[in-house]
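Listed here are the chains, written in short residue letters.
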Protein chains: 2
Amino acid sequence: MSVSVKDVAARAGVSIGTVSNVMNRPDKVSASTVERVQRAIDELGFVRNDAARQLRAGRSMAIGLVILDVGNPFFTDLARGAEDKAAESGLSIILGNSDERAARETTYLELFEQQRVHGVLISPFGDITDRLHRLRDRGIPAVLVDRTSADVSFSSVSVDDVAGGSLAVEHLIDTGRHRIAFVGGPHAIRQVADRLEGARATVARHPGVTLEVIETAALSVIEGRAAGVAIRERSAAERPDAVFAANDLIAMGVLQALNMQGVLHVPHDIALIGYDDIDFASAAVVPMSSIRQPSAMIGGTAVEILLEEAADPTLAPRQIVFQPELVIRESTS
Amino acid sequence: MSVSVKDVAARAGVSIGTVSNVMNRPDKVSASTVERVQRAIDELGFVRNDAARQLRAGRSMAIGLVILDVGNPFFTDLARGAEDKAAESGLSIILGNSDERAARETTYLELFEQQRVHGVLISPFGDITDRLHRLRDRGIPAVLVDRTSADVSFSSVSVDDVAGGSLAVEHLIDTGRHRIAFVGGPHAIRQVADRLEGARATVARHPGVTLEVIETAALSVIEGRAAGVAIRERSAAERPDAVFAANDLIAMGVLQALNMQGVLHVPHDIALIGYDDIDFASAAVVPMSSIRQPSAMIGGTAVEILLEEAADPTLAPRQIVFQPELVIRESTS
DNA sequence: TCCGATTGTTAAAACGATTCAATTCCCTCA
DNA sequence: TGAGGGAATTGAATCGTTTTAACAATCGGA
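Residues numbered from 1 in each chain as written. Chains lettered and ligands numbered in written order. Predicted model: local features only at pLDDT ≥ 70, side-chain atom pairs only at ≥ 80, totals over all residues. Heavy atoms only, no water.

Chemist: Just checking my understanding: could you explain the interface of chain A and chain B for this structure?
Modeler: Interface size is often expressed as the accessible area that is lost when the parts come together. Facing 47 residues of chain A, the contacting portion of chain B comprises 46 residues. Of all residues in chain A, A:Val47, A:Arg116 and A:Phe280 bury the most surface against chain B, accounting for 16% of the area lost on that side. Our enumeration of links across chain A and chain B arrives at six salt bridges. Seen at the junction of chain A and chain B, the total is twelve residue pairs in polar contact (both at pLDDT 80 or more). For the side of chain A that touches chain B, the elements supplying multiple residues, two or more each, are helix H4 (50–57), helix H5 (73–88), strand S2 (92–97), helix H6 (102–114), helix H7 (129–137) and helix H11 (248–260) of chain A. In the side of chain A that touches chain B, the residues fall into 20 nonpolar, 13 polar and 14 charged. (Contact = heavy atoms within 4.5 Å. Buried area = accessible area lost by both parts, 1.4 Å probe. Salt bridge = Lys/Arg side-chain N within 4 Å of Asp/Glu carboxyl O. Polar contact = N/O pair within 3.5 Å; in protein donor to acceptor, adjacent residues only side chain to side chain. Helix = DSSP H or I, 4+ residues; strand = E, 2+ residues; numbered from the N terminus. Nonpolar A, V, L, I, M, F, W, Y, C, P; charged D, E, K, R; others polar.)

Structure below.
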């Protein structure tokens, strides 16, 4: 059925070892043989069997990447950064979407383990340190992305979310807001918790400013909209005068809800700032202020570290932390 | 280093064949043996080697999916639909982003061929019919997504883009517009060409209505913005009074540009309608009218067809065409 | 002419799981 | 009691590639 090196070797009148050499170390083979084998390959339409190569090599040329949400441009940008960097070394990325569900996260890690991937990049949701240790014991390194590791034995590439939370709230206070609401969740997600922590710390430094916390079940537009509706329906006295959303999707949902009846106006009645600075933030009903993260660079850097650790497993883990950046647009001015 | 069936067999005191049976046909093995082998597996932390399984099986349990742009929510929704459906049969999806570049598209197809994937779903960019035929000759079926195949020997799942184009322009004309501009490109992308064709046909049926075509280099927010700036800078007499964008990303870019100086107002000065109805469309500066496509269902249906063809290669190819739906929002009222 | 080095090529042994024909064991029934 | 049958298990072959040790051929130098 399928054509193998054996067929190529027969056709070219050489041994299968030589065919392999032509593909992997052409310099070890005489020019005339290379040419002959190459012609046989073309004529037969031979395509290497990756499974066989992997079996022999002991590991695959793919990197597993698990992200929290494919619907979030922040993560797709991150994935793109990772993909580009991986391609430079001839590796490919297998993308898994955990969708903020522990079961799916585990499923992907099992899959990657079975595939003997080159390494794993993960934006963790559940508690997976055991699994990551197991992977490492098997020679598969892991790097956490968008998250500093609680377990410092793993490298991580992240953004200082506490600083980002501060940056956002500081800005809201600077523009004269006093009653701030934080919208986002679940708090089990470290990024959310950190952003909230930054917000809390900053509020604490400013007497007279209050912080209300509205927890959502997920970081999605839908959840944001629900929270926004709840805010809109309050009396003016009970409403916050500013909302800090845990990410831009939540922020867009909140914005939609506030805007819906035309009675509340952003930023006049309520200022709004998001997080991630996805492309769509600047195109929103009211162009949204946000906290920018270097998403593609996070992905690229994570791949770099992963490859270094794959090459030398004794390397000490590193924690790379990028600084976020405030982007001011109409929603807070 | 790594623990294999052989180790498990030794530990459990059975042959490797039995270990394999425990994993694949437990009913063929006595309960006590199953239990003993299972314990050995757990104790040793055995994980199946996928490469070896694949090598033996002849093909992998993954489906390759090539999409035009991961940054476009339409495609990530489609991918999610495909992933969910594939998971039901224990298959996984390997996602490749061609980024509207023929070279990348080819690279992914080569990769999938080497991986002996179960099948390929592709939203084609370049001319790949030869490659797809080759894949099929090797027993790898392919289904085109979001695109009717010019080559009817392949199945496809798509949306009637000509009808969608008509729907959009019909609506613009209904709301009193006469000078319509179509923004999008490259025209080499079939979806773009079809939407334009639908637009043209509709305009032709309405005397007095003109259609101008502005071609962009890609279907991105950036490209849309550039086109929007060009429109904004024209004199009022030369400006169109409506824009039909080939997709929502382009539309959002156009919207940003028109909105920028605050001199032009959507929909008052220029009406705007996009295509795809991505989540962000309703959250735009001016909530955008759009043409909705059942993105997740396209992905799911494509996987279904693919699996059927993989099971029975003699099946006649089918062309599934969904109908698009007009969604009216502020940008055209 | 012979030796050692160099270059090109080969044959065979992995890698780890699956599968299938062959074997063992035990039970039942005539 | 012995033949026949079913269930459980085994052993060996197989998938397609890479790798390595061994071998052959060629050549320059002594």
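Chemist: It is not clear to me how the protein's contact with DNA strand C should be interpreted in this structure. Could you clarify?
Modeler: Lining the immediate environment of DNA strand C, one finds 25 residues, of which A:Thr18, A:Thr33, B:Val5, B:Arg25 and B:Arg56 sit closest. Looking at DNA strand C alone, sugar and phosphate atoms form 68% of those within 4 Å of the protein. Within the side chain of A:Arg56, a nitrogen or oxygen atom sits 3.3 Å from a base nitrogen of DNA strand C. In this structure, a phosphate oxygen belonging to DNA strand C sits 3.3 Å away from a main-chain N or O atom of B:Asn49. At the level of elements, H4 of chain A together with helix H2 (16–24) and helix H4 (50–57) of chain B are the ones that each hand at least two residues to the surface near DNA strand C. A per-element tally of the surface near DNA strand C places H2(B) first, with five residues. Here the residues of the surface near DNA strand C sort into ten nonpolar, nine polar and six charged. (Near = heavy atom within 4 Å.)

Chemist: Sorry if this is basic, but what is going on with the sheet that holds strand S3 (residues 119–122) of chain B here?
Modeler: Through backbone hydrogen bonds, the strands of a sheet pair up, either in parallel or in antiparallel fashion. All names here are of chain B. Spatial ordering of the open sheet is given by S2-S1-S3-S4-S5-S11, a layout of six strands whose pairing is parallel. Lying at the two open borders of the sheet, with one neighbouring strand each, are strand S2 (92–97) and strand S11 (319–322). Direction aside, neighbouring strands of the sheet carry axes that sit 15° apart on average. Relative to S11, strand S5 (residues 155–159) runs parallel, the two sharing four bridges. Bridge pairing in S11 places valine 159 opposite phenylalanine 322. Seen against the sheet, helix H12 (residues 295–311) touches strand S1 (62–67), S3, strand S4 (142–145), S5 and S11 and runs at an angle of roughly 165° to S4. (Pairing = 2+ DSSP bridges. Axes fitted to C-alpha atoms, helices over the stretch in contact; angles between N-to-C directions.)

Chemist: What's the story with H6(A) in this structure? I'm lost.
Modeler: Because each turn of an α-helix spans 3.6 residues, side chains separated by three or four positions in sequence point in the same direction. Counted at 1.5 Å a residue, the expected span for H6(A) with its 13 residues is 18 Å, and the 18 Å between its end C-alpha atoms agrees. In this fold, the buried residues of H6(A) make contact with strand S1 (62–67), S2, strand S3 (119–122) and H7 of chain A together with helix H5 (73–88) of chain B. In the segment just after H6(A), A:Arg116 is the residue with positive phi, at about 50°. (Expected span 1.5 Å × (residues − 1).)

Chemist: Looking at this structure, I do not really get the packing of aromatic side chains. What am I missing?
Modeler: Both the distance between ring centres and the angle between the ring planes are used here to describe each pair of aromatic rings. This structure, assessed with the given rule, holds nine aromatic pairs over all chains. When the centroid spacing of 3.8 Å and the interplanar angle of 5° are considered together, the rings of A:Phe280 and B:Phe280 count as stacked. Taken as a pair, A:Phe280 in the loop between strand S9 (271–273) and strand S10 (290–292) and B:Phe280 in the loop between strand S9 (271–273) and strand S10 (290–292) lie in two separate chains rather than in one. Each ring, one from B:Phe182 and one from B:Phe244, has its centre 5.4 Å from the other, and the planes form 75°; the classification is edge-to-face. Here B:Phe244 lies in strand S8 (residues 242–245) and B:Phe182 lies in strand S6 (residues 179–184), a separation of 62 residues in the sequence. Each member of the pair, B:Phe182 as well as B:Phe244, carries the same accessibility label: buried. One aromatic cluster is present, formed by A:Phe182, A:Phe244 and A:Tyr275 through successive ring pairs. Across the ring face of A:Tyr275, the terminal group of A:Arg195 is positioned such that the distance to the ring centre comes to 3.7 Å. (Phe/Tyr/Trp six-rings, centres within 6.5 Å; stacked < 30°, edge-to-face > 60°. Buried < 20%, exposed > 50% of the residue type's maximum accessible area, 1.4 Å probe, protein only. Lys NZ or Arg CZ within 6 Å of the ring centre and 35° of its normal.)

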